[in-house]
Amino acid sequence: MAHLLRGKQSGVQNDLSAGISPEYFKPDDLARFGVNSQVICLAYEPVQSLLAVGTKSSQYGPGQIYVFGRQRVQITLPLARPGANVKTLQFVAEKLVCLTSKHEICVYSLEHRKLLASHSPSGVVTAMCTDPMLDYALLGLSNGELLAYDLDRETLAPFRIPNLWLQVDAKAKACAIVTLQYHPRDIGSLLIGYTHGAVIYSFKMAKATRFFHYEIPRGAPGGDGDPASVNAFRRPKLTQATWHPTGTFVMTGYDDSSIVFWDTLKDGRMIMARTLTDTNVATPGAPMTASLGSSTGMMSVKEPLFRMAWCANQDPEDTAIVIAGGQSTQSPTKGLTLFEMGRTPVYATSTWDSFTKYFDSPKRQRILPTPPGAEVVDFCLLPRATPHFAGAHDPIAIIAVLSSGELLSLSFPSGMPISPTNQLHPSLSFVHPYLKHINIGPTPRERWLGMVERRQQGPPILRGGIEGTGRLRRHESRSIVQSTHADGTIRLWDVGHGDEIENDKVVQVDVQRAVGHFDNVQVTQTSLAGASGELAVGLKGGELIVFRWGGNKNQGGEPPAPRPNQQGALTNVTDRVEPSLSEGLMPTTLLDQKDGPVTAVKMSEVGFVAAGFEGGSIAVIDMRGPALIYSASVHEFSKGHKTGSLRRRASSGAAAKPEWATQIEFSVMMLDGDDYSSILLHVGTNLGHLGTFKILPDPSGRYTVQYVGSSALDNKIMYIAPINADSGKPAIALQGAVSSLRTGLRVNGVLLAVTPTSIHIFRPATAKGAHKSFDSFFCDAASVVRYQDQGYALVGLFGDGNARMYSIPALREIASSNVSSILDVRRFSDAAITPTGHILGFTGPSELALISVWGVGASLPASEDRLFNPQAVIPPRPTISNIQWVTGTQYITPADLDTLISGPDRPPSKRMIAQQAADAEQARLGGRAGASRQPGAAAGSQETYWAYAQRQIQERTEKLGLVGDSMENLEQNSSSWADEASKFVGKQKRGLATGLIKAKFGL
């Protein structure tokens, strides 16, 4: 009865949802995009070309590990314990080793994409060190002891190093290990950083060979330059320690921002103590730069040294130092500091003064810039080819981790920003910088395959891994996501349907350059017309920009200085193109309305774009000019008036509530009372008014916009869908429908409008129609979806955490399902629902989930992507230098170190045990097959391959045994024959001698 009544009221006589039953509505969890929580650490493997990202546990999700490869390759690895944070990540050959905040070491297999083992030693683990050529992870504890975990045997090794700093200060308390690093050339030497100082430990001699103790005498300014402590004796706490790429020197960092360089070969002396700005800070009376704030007169506090890395170019003697932290808190820029040291002086022929000058005056010192207010707390170097030298050999780029959890990519050593577009996985772009909001525009498959932008870019950063195969669905339009980021950048990419993605490239839109300034650019609305390749972007500053797919005529040349934008008129912005872009989305025109932020925008497929502003105005642009063909205010909506002119309300402006457009849609259909179809524009407002306009051709060749009428709904209009009342198909303005108007196309259409509290179906412009109210929940997002060829229905996300499906036009609830365990209910309003029934919604600030409402209730599937390439071989580890060899340094191989750490009683590995079990099973099966084998061809044909191989080995062994026996018998026979021959010869000799004697005596 409700179907008949609402169908009659709305003008829809057919049940458009007749073929949809409740059992079809069981949402499947298809995929995840982005990272679930704040990024803490990174690790890069240059041989496999993979990037690992670790996150912290938060209200949005547990701490976990993401491993990214080329294109869309992505694997997620959970931690062994819930609630833990990822503290350190390191690649070791085919394994990934993680140290968590709960002092647990987790070992993952890149080949099998799973957790192999986890171990929690007795103690607090404060540092971890691995090497690509070793099967061990060295664990530094808070009590100063050092343990070795066998990654292959998955157990602790018997090797243990006690607290070596007690040899310097037996009363040292809370002397924890804070950093560990193998010698870059001699794996037999280990640099151990304690909170009190640094130590070089020799595995060969099983003792410490060097101690580095930093003390600031009275009268020396120290790293912080605090005048109150100049006359005090100080011992800063060590926070960082790293080798020179050749192992000739050691660099240590301290909590007072001091950076100290030490000799390692001769006497271990301190060569230079400095900060980022001052030198000789451990020398009494050394001058210091001004440390007082310029405006407050207060002393400026320096940041701690978060991370230091000593990099090498292709020649390890040519080095550079990258430092995160150590700058003044009053500094306007807090980026990375780069010391380009140049070529290291020859150690054998250089004096101490030359070394002091080398560390005192780098060849070049500069700051790699970061966004204003951003603070770099960690970074990851991306070496070109080798993982040795602590991952700092010939880096091509740096990925910095900001205090906010965002990422920043910079080229090395130039420090130029690197866009993550088509360089990193789209998931990493969600924190590069943070994702703000999304929108989805259906795009024809053929059109999207051709939308591959051409841009000058460096070599790809990630090249590892192979994507898993997915289902190929060529018959559907692609769901193209427009992701908007904090810096105003928009990226377009195919989110897919849980199927194979043919065009996995990302299209980038540079809004800052198009608007003409780079500060305070915030995107509020986007709309994509996929078939025409046009994108409309609305900004918080009140600008509307339209981009169109095309080529750059001035590629490679810097565009001229932008002209001021014309207020209230269109500005040609075709010259505001990135020089590196040759083909892509090019800026076309800009409207600076100066009426508040853009609140709604719609880019049609037929050349019209409309936008609404917070001040209440609406504007319509015809892109055939382009020309501004209409500009008015939503306050002029007048109920019950269908005339072409707009009439202002009699109420005063002070009493009227602010009103602005919230939804805009274009359609082709017949108005109520017309017998012909027209191009219509529908505008919904925050107060529930829905106005309809006709777009009519003008005798002058242009188009005009004519107001028709409006309807009053009960709440803010959040969704508008034009529907063909006969078939249920969308009645939106498409190129085919508009071209058919001249042949008399008649579309019997209705509007479906959704507010937070109700659904309405009516004929535009002023018919009352039918409606359904929500009593106990609010609707946050809605869309009309299609299920194959069975029909159409309305799917919505509601504040109680449920997704509901309603029939059309009866508006009865068909089914519901709770999706609050997948999506963040607080961000339901930011979700996007596609016409194919896919929901793309936020699970947290930087992660999206893709759901298909037409499913079987399946959970998130495991990724089929492969990470490990067994053919990629790690290059050999560098050896000691000539100077170290001449001075008597004994080189130790990784195999030797295995014996030193594990001893002779190292248990067999899992691989060895599995191989032994396989051999035993093979022998058992072979013996059984041999016992049951019968002579003849039939029996021979039934013999298995492994039984045949076992029989051949056994027969060959027996033959070898027979040969051995024959050789032994031959040897025995030969020996006997030689003995008999000797005896015979001796007998003959004795007989001959006796005969001679007898003959002489005449016997």
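These numbers were taken from a predicted model, which means no experiment stands behind them.

**Some thoughts on the overall build of the protein chain**
Turning to step 1, where the next piece is worked out: Each helix and strand counted, the protein chain has 12 helices and 57 strands in total.
Turning to step 2, where the next piece is worked out: Classification of the 1003 residues of the protein chain by burial places 53% in the buried group.
Turning to step 3, where the next piece is worked out: Put simply, of all contacts in the protein chain between residues at least 6 apart along the chain, 58% involve residues at least 24 apart.
Turning to step 4, where the next piece is worked out: Element-wise, carbon and sulfur atoms account for 52% of the exposed surface of the protein chain, whose accessible area totals about 44000 Å².

**A closer look at the packing of aromatic side chains**
Centre distance and the angle of the planes are the two values used to describe a pair of aromatic rings.
Turning to step 1, where the next piece is worked out: In the structure shown here, the tally under the stated rule is 29 aromatic pairs.
Turning to step 2, where the next piece is worked out: Three or more aromatic residues joined by ring pairs make a cluster, and in this case those are F249, F261, W310, Y347, W352, F355, Y358 and F359.
Turning to step 3, where the next piece is worked out: The ring centre of F379 lies 4.7 Å from the NZ or CZ of R307, which sits over that ring.
Turning to step 4, where the next piece is worked out: The ring of F798 is capped by R804, whose NZ or CZ atom sits 5.2 Å from the centre of that ring.

**Things to note about the nonpolar core**
Turning to step 1, where the next piece is worked out: One finds L138, L146, L180, Y182 and I192 to be the most contacted residues of the largest nonpolar core, which totals 28 residues.
Turning to step 2, where the next piece is worked out: Every element with two or more residues in this core is listed here: strand 10 (125–130), strand 11 (136–141), strand 12 (146–150), strand 13 (155–161), strand 14 (177–182), strand 15 (189–194), strand 16 (198–202) and helix 9 (894–902).
Turning to step 3, where the next piece is worked out: Setting aside anything within four residues of it in sequence, one finds L138 in contact with A127, M128, C129, L146, L147, A148, L180, Y182, L190 and F203.
Turning to step 4, where the next piece is worked out: Core analysis: the next-biggest nonpolar cluster, separate from the first, contains 25 residues, A600, F608, A610 and A661 among them.

**Section: the environment of Q735**
Turning to step 1, where the next piece is worked out: For Q735, the location among the structural elements is in helix 7 (residues 735–739).
Turning to step 2, where the next piece is worked out: Note on Q735: relative accessible area 46%, which makes it partly exposed.
Turning to step 3, where the next piece is worked out: Expressed as a C-alpha distance, the spacing of Q735 and S532, which sit 203 residues apart in the sequence, is 9.1 Å.
Turning to step 4, where the next piece is worked out: Filtering out sequence-adjacent residues up to four positions away, Q735 remains in contact with A531, S532, E605 and V606.

**Overview of the sheet that holds strand 55 (residues 832–833)**
One key point about sheets: their strands pair by backbone hydrogen bonds, in either a parallel or an antiparallel sense.
Turning to step 1, where the next piece is worked out: Pairing in this open sheet of four strands is antiparallel, and the strands run 1-57-56-55 from one edge to the other. Of all strands in the sheet, those bounded by a partner on one side alone are strand 1 (25–34) and strand 55.
Turning to step 2, where the next piece is worked out: Strand direction decides the pairing type here: strand 56 (residues 838–844) and strand 57 (residues 847–854), joined by six bridges, are antiparallel. The residue of strand 57 that forms the bridge with G841 is A849.

**Describing unusual backbone geometry**
Turning to step 1, where the next piece is worked out: Going from H432 to P433, the amide bond is cis rather than trans, its omega being -10°.
Turning to step 2, where the next piece is worked out: The amide bond that connects P764 to the next residue, A765, takes the cis arrangement and shows omega of 15°.
Turning to step 3, where the next piece is worked out: Inspection of the secondary structure puts A765 in the loop between strand 49 (758–762) and strand 50 (770–773).
Turning to step 4, where the next piece is worked out: Positive phi values are uncommon outside glycine, yet S257 reaches one of about 75°.
Turning to step 5, where the next piece is worked out: With respect to the helices and strands, S257 occurs in the loop between strand 19 (249–254) and strand 20 (259–263).

**Considering the pairing of strand 10**
The side chains of a regular strand alternate between both faces of the sheet.
Turning to step 1, where the next piece is worked out: In terms of burial, strand 10 is a largely internal element, five of the six residues being buried.
Turning to step 2, where the next piece is worked out: The loop that links strand 10 with its antiparallel partner strand 11 comprises five residues.

**Notes on the pattern of salt bridges**
Turning to step 1, where the next piece is worked out: The tally for this structure, following the rule as stated, stands at 33 salt bridges.
Turning to step 2, where the next piece is worked out: Where D575 meets R563, a salt bridge forms, and the shortest distance between an N and an O atom there is 3.7 Å. Pair noted here: D575 is in the loop between strand 37 (570–572) and strand 38 (581–592) and R563 is in the loop between strand 36 (543–551) and strand 37, with a separation of 12 residues, a long-range link.
Turning to step 3, where the next piece is worked out: One network of salt bridges, with partners in common, ties together E340, R364 and R366.

**A look at the side chain of S582**
Turning to step 1, where the next piece is worked out: Positionally, S582 belongs in strand 38.
Turning to step 2, where the next piece is worked out: Among the residues examined, S582 registers a relative accessible area of 18% and is labelled buried.

**Quick word on the sheet that holds strand 21 (residues 270–274)**
Turning to step 1, where the next piece is worked out: Strands sit in the order 18-19-20-21 across an open sheet of four strands; the sheet is antiparallel. Edge strands, defined here as strands with exactly one partner in the open sheet, are strand 18 (238–243) and strand 21. In this sheet, neighbouring strand axes are inclined to one another by 15° on average, regardless of whether the strands run parallel or antiparallel.
Turning to step 2, where the next piece is worked out: When strand 18 meets strand 19, the two strands line up antiparallel, connected through five bridges. Looking at strand 19, one finds that W243 is bridged to V250.
Turning to step 3, where the next piece is worked out: The strands touched by helix 2 (residues 352–360) within the sheet are strand 19, strand 20 and strand 21, with strand 21 carrying the most contacts at an inclination of about 25°.

**Focus: helix 2**
Turning to step 1, where the next piece is worked out: What helix 2 keeps buried is the set F355, Y358 and F359. Here the buried residues of helix 2 occupy an arc of 90° about the axis, which is enough to place them on one side. Opposite the buried face of helix 2, by more than 90 degrees, sit the exposed residues D353 and K357.
Turning to step 2, where the next piece is worked out: Where the residues of helix 2 are buried, they touch strand 19, strand 20, strand 21, strand 22 (305–312), strand 23 (318–325) and strand 24 (336–343).

**Things to note about the side chain of E303**
Turning to step 1, where the next piece is worked out: Note that E303 resides in the loop between strand 21 and strand 22.
Turning to step 2, where the next piece is worked out: Given a relative accessible area of 5%, E303 falls into the buried group.
Turning to step 3, where the next piece is worked out: Excluding its chain neighbours within four sequence positions, the residues that come into contact with E303 are S257, G325, G326, Q327, T329, K334 and E375.

**Examining helix 9**
Because the α-helix completes a turn every 3.6 residues, residues three or four places apart line up on one side.
Turning to step 1, where the next piece is worked out: Among all positions of helix 9, only L897, I901 and S902 are buried. Buried residues of helix 9, viewed axially, fall in a sector of 110°; they line one side.
Turning to step 2, where the next piece is worked out: Packing partners of the buried residues in helix 9 comprise strand 11, strand 12, strand 13 and strand 14.

**Regarding the pairing of strand 7 (residues 95–100)**
Turning to step 1, where the next piece is worked out: Burial within strand 7 is extensive, with six of its six residues counted as buried.
Turning to step 2, where the next piece is worked out: As judged from the six bridges shared by strand 6 (residues 86–92) and strand 7, these two strands associate in the antiparallel manner. Paired with V92 across the strands is K95, a residue of strand 7.
Turning to step 3, where the next piece is worked out: For strand 7 and strand 8 (residues 105–109), the ladder comprises five bridges, and the chain directions are antiparallel. Paired with V97 across the bridge in strand 8 is V107.

**Brief notes about the environment of A400**
Turning to step 1, where the next piece is worked out: Within the secondary structure layout, A400 lies in strand 27 (residues 395–402).
Turning to step 2, where the next piece is worked out: In sequence terms A400 and L336 are 64 residues apart; their C-alpha atoms lie 8.6 Å from each other.
Turning to step 3, where the next piece is worked out: Here A400 is in contact with L336, V376, D378, F379, E406, L407 and L408, once residues within four sequence places are set aside.

**Comments concerning the state of the cysteines**
Turning to step 1, where the next piece is worked out: A complete count under the given rule lists zero disulfides for this structure.
Turning to step 2, where the next piece is worked out: Not part of a disulfide, C41 finds its nearest cysteine sulfur in C98, a span of 6.8 Å.

**Observations regarding the environment of V620**
Turning to step 1, where the next piece is worked out: Of note, V620 is situated in strand 41 (residues 617–622).
Turning to step 2, where the next piece is worked out: When its relative accessible area of 1% is taken as the criterion, V620 is described as buried.
Turning to step 3, where the next piece is worked out: Setting aside chain neighbours within four positions, we find V620 in contact with V609, A610, A627, L628, I629, Y630, L681 and V705.

**Some remarks on the confidence of the model for the protein chain**
Turning to step 1, where the next piece is worked out: For the protein chain, the mean per-residue pLDDT works out to 87, and 87% of the residues sit at or above 70.
Turning to step 2, where the next piece is worked out: Throughout residues 638–654 the model reports pLDDT below 50, and contacts reaching past four residues in sequence, or to other chains, amount to 29 contacts.
Turning to step 3, where the next piece is worked out: Confidence drops under pLDDT 50 across residues 934–943; counting only partners more than four residues distant or on other chains, this segment forms six contacts.

Conventions and cut-offs
Residues numbered from 1 in each chain as written. Predicted model: local features only at pLDDT ≥ 70, side-chain atom pairs only at ≥ 80, totals over all residues. Heavy atoms only, no water. Helix = DSSP H or I, 4+ residues; strand = E, 2+ residues; numbered from the N terminus. Buried < 20%, exposed > 50% of the residue type's maximum accessible area, 1.4 Å probe, protein only. Contact = heavy atoms within 4.5 Å. Areas by Shrake-Rupley, 256 points an atom, 1.4 Å probe, with all protein chains shown as cover. Phe/Tyr/Trp six-rings, centres within 6.5 Å; stacked < 30°, edge-to-face > 60°. Lys NZ or Arg CZ within 6 Å of the ring centre and 35° of its normal. Core = buried A, V, L, I, M, F, W, Y, C linked by side-chain atoms within 4.5 Å. Pairing = 2+ DSSP bridges. Salt bridge = Lys/Arg side-chain N within 4 Å of Asp/Glu carboxyl O. Axes fitted to C-alpha atoms, helices over the stretch in contact; angles between N-to-C directions. Arc of directions from axis to C-beta. Disulfide = S-S within 2.5 Å. pLDDT = per-residue confidence, 0-100.

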